[in-house]
Amino acid sequence: MNKKEFCVQIVQSLENVWNENILFDFAVKVQDETIQCHRLILAACSEFFKALFRSGMKEVTENCVVLKDVSCEVFRLIINTMYTGTSLLTLDNFIEVWQAAHMLQVKVMVNVCEEFAIRSCSLDTWENIYLHAKVLGSVKVLDKIHTFMLKNFEQIRHSTTFFQLSFKETHDLIKSQDLVVSKEDLVLESVIQWVEYGDGNQLNQNSNEDHTISGNKVKSNISLPSDEAKEIKESEDGLHRNNCLQNSNKTIGRAMHEVHTAYSIGHVKSSRKDKFRELLMQVRTCLVSHAAFYRVLKLRLFSEMEHSRELILDAMSNHVQEFRHGQWSSAAIHRSCSEYTNAGIYAYGSNGIFEIIIADKEQQFNIAQCKYLKENIQLVTFDGELYATGKEVGNTPYRMFVFCGKSWKEVIELPSPNLLLVSHGDFIYIINKDDKVLYSVDPKKREPNLEKLQIFLQMMLK
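Not measured: the values here are computed from a predicted model.

*Asks:* I tried to follow the overall build of the protein on my own but got confused; where do I start?
*Replies:* For the protein, the count of helices and strands is 22 helices and 16 strands. The buried share of the protein, taken over its 462 residues, is 45%. Across the protein, every contact between residues at least 6 apart in sequence was considered, and the portion connecting residues at least 24 apart equals 57%. Of the roughly 25,100 Å² of accessible surface on the protein, a fraction of 49% belongs to carbon and sulfur atoms.

This is how it looks when you write it as structure tokens:
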């Protein structure tokens, strides 16, 4: 017989003893019911009962203890798990069982509840689970919620719970390469909303009332991950432990009140503005659209914060920098969910050879050679496609080509090799450095042509 089979038989024997109502040596009174138990099982599964039995209190000599703030139904579920190794958790009862198991320090039941919370995490339940995991100090569940928020950011970013996240939690979300978002504009918008949250959305600060989260009252029977809770856990004085656990109303009420109202306090709210620049630095600002930039630059938040405004202006200028040398800005790195990847493209030699380097995958490969591009080569992207300008060796025309997957296709002939190309909006703009004239071209037209814009660029180019 192996160890696993032996354990199964032991649990089955314990269940039989419990069902046969024999050898009971201790009673637990919960509400109006008295539940018969065995000291050995209670002490083996619960740190609370183990300390009680060592305390020498009158409950030990009377073989009976009264539990407050735990319903009979919940305690029976916990006892059932102790004797049978099975749980009967549902979405309706697991929060209350989780709180009671934490109070009684039934580690196996706490683990069962945490696993159930993780499996049950959805758009309908995540806020309730998050708030209770926060109070109970469940790192395992909070890590799962973090992953859930990364994957469902666009759905959760308008929730009150998102706006109540701490700076660190918000920072870690925005910074993550694994954040799933359809466009970076939404990340910038969410950061601004998080910073500005509180105007007219402050929470009720009546600490003497019961607090309700998604229909579930937060009861007073939760042990906090604080110095007070550690003192309770480490103490071998059963009387001290019992008194602390049974009189935890004020402690728990205060804890849940802090979770609800922390960000409605003036000094916290002002500190969010102080942290705005740090959050903005985690947004991939070089991937944000110009339209989004124009909208946010009009906000009072930016007019009050010069350094943050500079970050936005730097990102906007990045859009028109066609030649970048050295390290690529972290604000221009596509997230893992993007259909795009970050790659460097360069031409070398006099054979019209182009090489792509994909930094995040450590790959590099050549793309189709273009015999017409050997001198004065420039590269520009437009509408997700790669365009190149250049000429053959000697007195040959200067032309623009587009890469079509396996080959290069000519787009248009250009007036001069002394050009500067910028892709923006619906056009590729071409600045002729010789005659200081600005042209535009729509390369998507069937027969593209250069449109001369009446802009004098002498001041810009001298």
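Anyway, onward from the coordinates.
*Asks:* So what exactly am I meant to see when it comes to the sheet that holds strand 1 (residues 26–30) here?
*Replies:* Across a sheet, paired strands are connected by hydrogen bonds in the backbone, their directions being either parallel or antiparallel. One open sheet accounts for three strands, arranged 2-1-3; its pairing is mixed. Each edge of the open sheet carries a strand with a single partner, namely strand 2 (33–37) and strand 3 (64–67). Each neighbouring strand pair of the sheet contributes to a mean axis angle of 25°, computed without reference to strand direction. Two strands pair when backbone bridges link them, and strand 1 and strand 3 are joined in this way by four bridges, in the parallel orientation.

*Asks:* Please explain the pattern of salt bridges as it appears in this structure.
*Replies:* Opposite charge on two side chains permits them to pair, given that their charged atoms come into close proximity. Taken as a whole and assessed by the stated rule, the structure comprises 13 salt bridges. For Glu115, the salt bridge is made with Lys140, and the minimal N-O distance between the two is 3.1 Å. Residue Glu115 is located in helix 7 (residues 107–119), and its partner Lys140 is located in helix 9 (residues 139–151); the two are separated by 25 residues in the primary sequence. With relative accessibility at 34%, the residue Lys140 sits in the partly exposed group. Within this structure, Glu114, Glu115 and Lys140 form a network of salt bridges that share partners.

*Asks:* Just checking my understanding: could you explain the environment of Val97 for this structure?
*Replies:* Within the element layout of this structure, Val97 appears in helix 6 (residues 94–104). Linking Val97 and Val70, residues 27 residues apart in sequence, is a C-alpha distance of 8.8 Å.

*Asks:* Explain the pairing of strand 15 (residues 437–441) here, please?
*Replies:* Within strand 15, five of the five residues are buried, which leaves the element mostly enclosed by the surrounding structure. Burial along strand 15 is two-sided: the residues Val437, Tyr439 and Val441 and Leu438 and Ser440 are all buried. The hairpin formed by strand 14 (residues 427–432) and strand 15 contains four residues between the paired strands, and Lys436 there has a positive phi angle of roughly 55°.

*Asks:* Would you take a moment to explain the sheet that holds strand 11 (residues 398–403) for this structure?
*Replies:* Strand order across the open sheet formed by four strands is 9-10-11-12, with antiparallel pairing between neighbours. Among the strands making up the open sheet, the edge pair consists of strand 9 (375–382) and strand 12 (408–414). If you compare each strand with its neighbour and ignore which way they point, the axes differ by 25° on average. Strand direction decides the pairing type here: strand 10 (residues 385–391) and strand 11, joined by four bridges, are antiparallel. Across the sheet, the residue bridging to Thr389 is Met400, located in strand 11.

*Asks:* Help me out: how do you make sense of unusual backbone geometry in this one?
*Replies:* The general pattern is negative phi for most residues beyond glycine and trans for most peptide bonds. Here the phi dihedral of Gln31 falls at roughly 55°; this positive angle occurs in a residue that is not glycine. Here Gln31 lies in the loop between strand 1 and strand 2. Residue Gln31 is classed as exposed on the basis of its relative accessible area of 58%. At Asn63, a residue that is not glycine, the phi angle is positive and equals roughly 60°.

*Asks:* Help me understand the packing of helix 5 (residues 72–84) against helix 6 in this model?
*Replies:* Helix-helix packing: each pair is described by the crossing angle between the helix axes and the interaxial distance. Look at helix 5 against helix 6: their axes get within 10 Å of each other, and the N-to-C directions meet at 70°. Classified by the angle between their axes, helix 5 and helix 6 sit roughly perpendicular to one another. The way helix 5 lies across helix 6 gives a crossing that is right-handed. Each of Val74, Phe75, Leu77 and Ile78 in helix 5 lies in contact with helix 6, whose residues at this interface are Glu96, Val97, Ala100, Ala101 and Leu104. For the contact of helix 5 with helix 6, the residue count by class is eight nonpolar, no polar and one charged.

*Asks:* What is the right way to look at the packing of helix 8 (residues 126–136) against helix 9 in this model?
*Replies:* Running from N to C, helix 8 and helix 9 cross one another at 145°; their axes reach a closest spacing of 9 Å. Judged by the twist between their axes, the crossing of helix 8 over helix 9 is left-handed. Two secondary-structure elements touch here, helix 8 through Trp126, Ile129, Tyr130, Ala133 and Lys134 and helix 9 through Val141, Leu142, Ile145, Phe148 and Met149.

*Asks:* Hey, could you run me through helix 7 in this one?
*Replies:* Structural remark: α-helix, 3.6 residues per turn; residues separated by three or four positions point the same way. Here helix 7 is 13 residues long and its end C-alpha atoms lie 18 Å apart, about the 18 Å a rise of 1.5 Å per residue gives. For helix 7, the set of buried residues is Met109, Val110, Cys113, Glu114, Phe116, Ala117 and Ile118. Along its buried surface, helix 7 packs onto helix 5, helix 6, helix 8 and helix 9.

*Asks:* Can you walk me through the pairing of strand 2 in this structure?
*Replies:* Moving residue by residue along a regular strand, the side chains alternate between the two faces of the sheet. Judged from the five bridges that link them, strand 1 and strand 2 form a sheet pairing that is antiparallel. Paired with Phe26 across the bridge in strand 2 is Cys37. Hairpin geometry of strand 1 and strand 2 is characterised by an intervening segment of two residues between the two adjacent antiparallel strands and by a positive phi of about 55° at Gln31.

*Asks:* So what exactly am I meant to see when it comes to helix 3 (residues 47–55) here?
*Replies:* Where helix 3 is concerned, the buried positions are Phe48, Phe49, Ala51, Leu52 and Phe53. Regarding helix 3, its N-cap is Ser46, as a side-chain oxygen of that residue lies 3.2 Å from the backbone nitrogen of Phe48 further along. Taken from the residues just after helix 3, Gly56 is the one with a positive phi, measuring 75°.

*Asks:* Quick question: what am I supposed to make of the packing of aromatic side chains here?
*Replies:* Each pair of aromatic rings is reported with the distance of its centres and the angle of its planes. Applying the stated criterion across every chain yields a total of twelve aromatic pairs. Of the aromatic side chains, those joined through ring pairs into one cluster are Phe26, Phe48, Phe49 and Phe53. Over the aromatic face of Trp194 sits the side chain of Arg272, whose NZ or CZ is 3.9 Å from the ring centroid.

*Asks:* Is there a simple way to explain the environment of Leu373 in this structure?
*Replies:* Mapping Leu373 onto the fold places it in the loop between strand 8 (363–367) and strand 9. In the structure, Leu373 is positioned 18 residues away from Lys391 in sequence and 5.0 Å away in space, judged by C-alpha atoms.

Each value, and the rule that gives it
Residues numbered from 1 in each chain as written. Predicted model: local features only at pLDDT ≥ 70, side-chain atom pairs only at ≥ 80, totals over all residues. Heavy atoms only, no water. Helix = DSSP H or I, 4+ residues; strand = E, 2+ residues; numbered from the N terminus. Buried < 20%, exposed > 50% of the residue type's maximum accessible area, 1.4 Å probe, protein only. Contact = heavy atoms within 4.5 Å. Areas by Shrake-Rupley, 256 points an atom, 1.4 Å probe, with all protein chains shown as cover. Pairing = 2+ DSSP bridges. Axes fitted to C-alpha atoms, helices over the stretch in contact; angles between N-to-C directions. Salt bridge = Lys/Arg side-chain N within 4 Å of Asp/Glu carboxyl O. Parallel < 35°, antiparallel > 145°, perpendicular 65-115°, else oblique. Left-handed = near helix turned anticlockwise from the far one by under 90°. Nonpolar A, V, L, I, M, F, W, Y, C, P; charged D, E, K, R; others polar. Expected span 1.5 Å × (residues − 1). Polar contact = N/O pair within 3.5 Å; in protein donor to acceptor, adjacent residues only side chain to side chain. Phe/Tyr/Trp six-rings, centres within 6.5 Å; stacked < 30°, edge-to-face > 60°. Lys NZ or Arg CZ within 6 Å of the ring centre and 35° of its normal.

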